[in-house]
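# Observations on the three-dimensional arrangement
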Amino acid sequence: KKLAGPLPGEELGLTSVCAAEDRDLFTWSADLISLSWPGGNALAAFRQIQYDCDPEVAEADREPACLHPDSITPCLHGAVSASCCIAVMYARNAKTMHDVTSIALGAARRLYWMLHSGEKILEFLDSSGWAFSLEDIAAISSVYSKALAANPATSSSAPPVPRSVQFLPSGTPWDRGGDAWRRAEQAAAESLALIAHWTWPPVSVAGPASCPTSACVGAPWAAAAAGGRPGKPRLKVWAFGTHCAVLAEPISVMATLLGDEFEVTVEWRGARDYCGYLASDSWPVVTIDRGSPVREVLDAFHVKEEPQQLHTFTHRDTLRTPQLFEEAFRGALLREGAAFAEADVGYCSEPALACAVMHEGGKPLIGYFGVHIAFLVRGREEQLRLYRRFRDELVPDPRNTFATVAPYISLQIFHHLPVEVPAVRPLSVYTLPATYSAIRPNQVLFNKRPVAFWDIKITLDTFSKVNGEPFHFMDALEGGYSFTEWCEFRAAVYFPYDWLQTMALYDWANMAIPTFVPDLPMYTFSRGTNALNEWLASSWLAPSSVSPHNYNDWADLPGRVYWWLMTDFRALPGVETFASISELFGTLSSQEALWRQSGVLRQAQQQRAAQSALFWRSAALRALSPAPAAASG
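The residue numbers shown here count from 1 along each chain, following its written sequence. Owing to the predicted nature of the model, reporting of local features is limited to residues with pLDDT of at least 70; listing and counting of side-chain atom pairs is limited to 80 or more, with chain, interface and lining totals taken over all residues. As a rule here, side-chain values cover all heavy atoms of the structure and leave hydrogens and water aside.

This part is about the sheet that holds strand 9 (residues 472-475). Across the sheet, 5 strands lie side by side as 9-8-10-11-12; this open sheet has parallel pairing. What marks the edges here is a single partner per strand, and that holds for strand 9 and strand 12 (576-578). Going from strand to strand, the sheet's axes swing by 35° on average, the running direction of each strand aside. Pairs of strands are assigned from DSSP output, requiring at least two bridges between the strands. Numbering of helices and strands runs from the N terminus; a helix is a DSSP stretch of H or I covering at least four residues, while a strand is a stretch of E covering at least two. Two elements, strand 10 (residues 489-493) and strand 11 (residues 515-518), share 2 bridges in a ladder whose sense is parallel. Pairing of A492 across the sheet is with T515, part of strand 11. Sitting on the sheet, helix 21 (residues 581-588) touches strand 8 (440-446), strand 9, strand 10, strand 11 and strand 12, and the angle it makes with strand 12 is about 135°. Here an axis means a line fitted to C-alpha atoms, over the contact stretch when the element is a helix, while the angle between two N-to-C directions is reported on a 0 to 180 degree scale. Only heavy atoms matter for contacts: two residues are in contact if any of them lie within 4.5 Å across the pair.

Glancing now at helix 19 (residues 557-566). Any residue under 20% of the maximum accessible area for its type is buried, any over 50% is exposed, and the rest in between are partly exposed; the area is computed with a 1.4 Å probe on protein chains only. The element helix 19 is extensively covered by neighbouring structure, given that 9 of its 10 residues are classed as buried. Taken together, the buried positions of helix 19 are L557, G559, R560, V561, Y562, W563, W564, L565 and M566. Considering only its buried residues, helix 19 is in contact with helix 5 (134-150), helix 6 (179-195), helix 15 (407-416), strand 11 and helix 20 (568-571). Whenever a nitrogen or oxygen atom comes within 3.5 Å of another N or O atom, the pair is scored as a polar contact, on the condition that within protein one atom can donate a hydrogen and the other can accept it, and that pairs from neighbouring residues in sequence are kept only if both atoms are in side chains. Among the residues of helix 19, the N-terminal cap falls to D556, whose side-chain oxygen and the backbone nitrogen of G559 are separated by 3.0 Å.

If you walk across this open sheet you meet the 5 strands as 2-1-5-6-7, and the pairing is parallel. With partners counted over all chains shown, the strands left at the sheet margins are strand 2 (263-269) and strand 7 (401-404), one partner each. Sheet twist, expressed as the average angle between the axes of neighbouring strands with direction ignored, equals 20°. In this fold helix 22 (residues 591-624) packs onto strand 1 (234-240), strand 5 (345-348), strand 6 (365-369) and strand 7, with an angle of close to 150° to the strand it touches most, strand 7.

On to the side chain of R389, then. Following the sequence through the fold, R389 ends up in helix 14 (residues 380-394). A polar contact is formed between the side chain of R389 and the side chain of E360, at a distance of 2.5 Å. Leave out the neighbours within four places in its chain, and R389 touches E326, R330, A356, E360 and L394.

For this text, the term disulfide refers to a pair of cysteine sulfurs within 2.5 Å. Taken as a whole and assessed by the stated rule, the structure comprises 2 disulfides. Between C18 and C85 runs a disulfide, and the two sulfur atoms are separated by 2.1 Å. Torsion about the S-S bond of the C18 and C85 cystine: about -100°, corresponding to left-handed handedness. With C18 in the segment before helix 1 (23-36) and C85 in helix 3 (residues 76-92), this pair connects stretches of sequence that are 67 residues apart. At a sulfur-sulfur separation of 2.1 Å, the disulfide partner of C348 is C355. With the S-S bond torsion at 115°, the cross-link from C348 to C355 turns out right-handed. Among the cysteines around C84, which has no disulfide bond, C85 carries the closest sulfur, lying 8.7 Å off.

Formed by 206 residues in total, the largest nonpolar core has its most connected members in Y144, W238, W283, V286, F329, F390 and W616. The element that contributes the greatest number of residues to this core is helix 3, accounting for 12 residues. Those residues in contact with V286 that lie beyond four places of it in its chain are C244, L247, A248, W268, A271, C275 and L278. Nine residue types can take part in a nonpolar core, namely buried Ala, Val, Leu, Ile, Met, Phe, Trp, Tyr and Cys, and a core is a set of them joined through side-chain atoms within 4.5 Å.

Salt bridge, as used here, is a side-chain nitrogen of Lys or Arg placed within 4 Å of a carboxyl oxygen of Asp or Glu. Summed over all chains, the structure comprises 30 salt bridges. Its salt-bridge partner being R234, residue D344 comes within 2.8 Å of it at the nearest N-O pair. Residue D344 is found in the loop between helix 12 (338-341) and strand 5, and its partner R234 is found in strand 1; the two are separated by 110 residues along the sequence. You'll find D344 and R234 in the same group, each marked buried. In this structure, D568 and R425 form a salt bridge, with 2.8 Å as the shortest nitrogen-oxygen distance.

Another aspect to go through is the packing of aromatic side chains. Planes of paired rings set the category: under 30 degrees apart is stacked, over 60 is edge-to-face and the rest tilted, where pairs are Phe, Tyr or Trp rings (Trp by its six-membered ring) whose centres lie within 6.5 Å. The full count for this structure, using the stated rule, is 37 aromatic pairs. Put simply, the rings of Y430, F483, W486, Y494, W508, Y523, W564 and F569 pair up and form one aromatic cluster. Stacked on the ring of F301, the Lys or Arg R320 has its end atom at 5.9 Å from the ring centre. Geometrically, a lysine NZ or arginine CZ counts as sitting over a ring once it is within 6 Å of the ring centre and also within 35 degrees of the ring normal. The side chain of K363 reaches across the aromatic face of F340, ending 5.5 Å from its centre.

What follows covers unusual backbone geometry. Residue P351 is reached from E350 by a cis peptide bond, and omega for that bond is 0°. Within the fold, P351 resides in the loop between strand 5 and helix 13 (353-360). For the peptide bond that leads from L432 to P433, omega is 10°, which places it in the cis range. Here P433 shows up in the loop between helix 15 and strand 8. Of note, the phi angle at A512 is positive, near 65°, even though the residue is not glycine.

Next up on the list: the environment of H415. With respect to the secondary-structure elements, H415 resides in helix 15. By relative accessible area, H415 is classed as buried at 18%. In this structure, the C-alpha to C-alpha distance between H415 and P543, residues 128 residues apart in sequence, is 8.6 Å. If sequence neighbours within four positions are ignored, H415 has contacts with S538, W540, A542, S547, N550 and Y551.

What follows is about the pairing of strand 2. Put simply, side chains in a regular strand alternate between the two faces of the sheet. Summarising the sheet, strand 1 and strand 2 pair through 7 bridges and their orientation is parallel. For W238, the partnering residue across the bridge sits in strand 2 and is E267. On the question of chirality, the crossover connecting strand 1 to the parallel strand 2 by way of helix 9 (residues 244-256) is right-handed. By convention a crossover is right-handed if, when the strands point away from the viewer, the path from the first strand over the helix to the second runs clockwise.

Right under this line is the structure:
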């Protein structure tokens, strides 16, 4: 309906769709939800329909499970849009619609749940033809936030819902042309510029000056390093971590780009994930740890919860009794014998708690973090203890060097302790000599992810078929592809999930494969990188000028935009975003444009190469410098 004069509830900042009070439309929307929303586990029912029910099969020939009672097929986006209509209409006309408060709150609660779901239920909403967008749902969640908090879901025996509720103006937090989005863009740009100047040792650390890069090259101790030729120091590394690609990054750079300066050998420990992709004759390739003493300790203390146990939006992995883990890890290092004792440097990634134990053994450290440094460590006191050890024991040692894979993680660390850990984005030189070739012109790569709601291949292939496009989408892991074979695809599409900084994105970008990511702040509702209520302890209060939004404050919708813009999905030069599948297909249609994008990615990788090589060169020289003299006294 078109109303004369201003629309009701205009101050709330909601869409004008369904703005007018229309009892027939309200009732129709509620009936649509009732008829098309499966009973029981609705999420499982919608998933089953998507995986098992071909929309092109005639209704009479469909499986019984594909039909709703009364022969109405469940319609996810239709139910979402009906919920939006109810929520908007009620909020704009609450004074005259108080008799349907419980229905409106139920609709808003359903939208809030889907927006925050780890299953990413709404990620294709903006590619549908319905009248409401993800931006609208963010605004509805903002408007209803106080009402939902005051009126939580209750059982039938609980007191009735109040006849009226209080709303908050949304400020349209996810409107790309709005003030809130522009403020988030400016804040993210300032944070990224600041972190780009962080280096090691951080400016906040007082103590002995580290060995300057240029001065250390000719230092007497460099030529005398055991096992190395004069002028080419040996760097014998004992490395511990769980993710092969994260472990491989600094070592492959030092051995490949700095091979004329260092003789690098490595004892690999702990790694199991994704090692099968790595193979090279030019650097000491990461090997799977099939049962070292330290891996046995990690396996004994690592706990992975079952999905049905998770009700607090947190990730599944944890270390049982961290201090007992440390004690057991110390014993395992002793059993490592000469492999650890004779190493020049210890290299650690995740869990970061292992770095502190390795440092106790007298080793200088190189640490490279692809996740939050308190990953696997739960509990306020245990997290604070880790932050104190990192700040007071590891950072002051002038032989140590620490870095993260992305500015996002650097800022997360800064939120918890006053240490500016620089970000050194991966170069993925372990993928060499693979580079973009596009010899499979109709095939597009997409990432495998442990999110089970949408079958990406079915969804994108269906979009392609229905719209007469020639593209076929292929799962990056299921094909058993090598790095070179990845480069043969026309392009790659990355769908984020709970871990927002994964190495696959960098591998694709560094191989110059045109890479695309859906532009949705919703992805920062992450049970991995941004786990809600997971890392609440902090050793200080970070200045808002540096960290204006808390990364795990899911109620801060403008903050979700800020942190989305901080991810390398948005910040990495050359990676392109898309608002809908139709926009993606439009971009994919031009091979000439894809080659240009590939060139931008290649140039950006080369620019990072100079910075990365210099950083890891300095780290190696620091690690080989003499230990600081003990304080007298």
